[in-house]
Amino acid sequence: MTDNQKTHKSDWLYFLISGAVTVFLLWFYPAWFWLGLPFTLTYLTKALNAL
């Protein structure tokens, strides 16, 4: 059970980091923000255990 929780904690961390990168790209390079979306959405679904 602790391995499952550890996995979800790291997924939440990756989601937050990729979300921050996506917001950064949206602010400074709006034409390229879509590059961060697959990572953000993938780790969100993994953190919510929907994948």
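Residues numbered from 1 in each chain as written. Predicted model: local features only at pLDDT ≥ 70, side-chain atom pairs only at ≥ 80, totals over all residues. Heavy atoms only, no water.

Moving on, we come to unusual backbone geometry. The phi angle at N49 is positive, at roughly 60°, despite the residue not being glycine. With respect to the helices and strands, the residue N49 is situated in the segment after α2 (37-47). The exposure class of N49 is exposed, given its relative accessible area of 54%. (Helix = DSSP H or I, 4+ residues; strand = E, 2+ residues; numbered from the N terminus. Buried < 20%, exposed > 50% of the residue type's maximum accessible area, 1.4 Å probe, protein only.)

This part covers the packing of aromatic side chains. In total, this model carries five aromatic pairs according to the counting rule given. Taking the centre distance of 5.2 Å and the plane angle of 55° together, the rings of Y14 and Y43 count as tilted. Linking Y14 in helix α1 (residues 2-28) with Y43 in helix α2, this pair joins segments that are 29 residues apart in sequence. The exposure class of Y14 is partly exposed, given its relative accessible area of 43%. Both rings, one in F24 and one in Y29, keep their centres 6.5 Å apart while their planes meet at 65°; by these two values the pair is edge-to-face. F24 gets classed as partly exposed once you look at its relative accessible area, which sits at 41%. These aromatic residues form a ring-pair network of at least three members: F24, F28 and Y29. (Phe/Tyr/Trp six-rings, centres within 6.5 Å; stacked < 30°, edge-to-face > 60°.)

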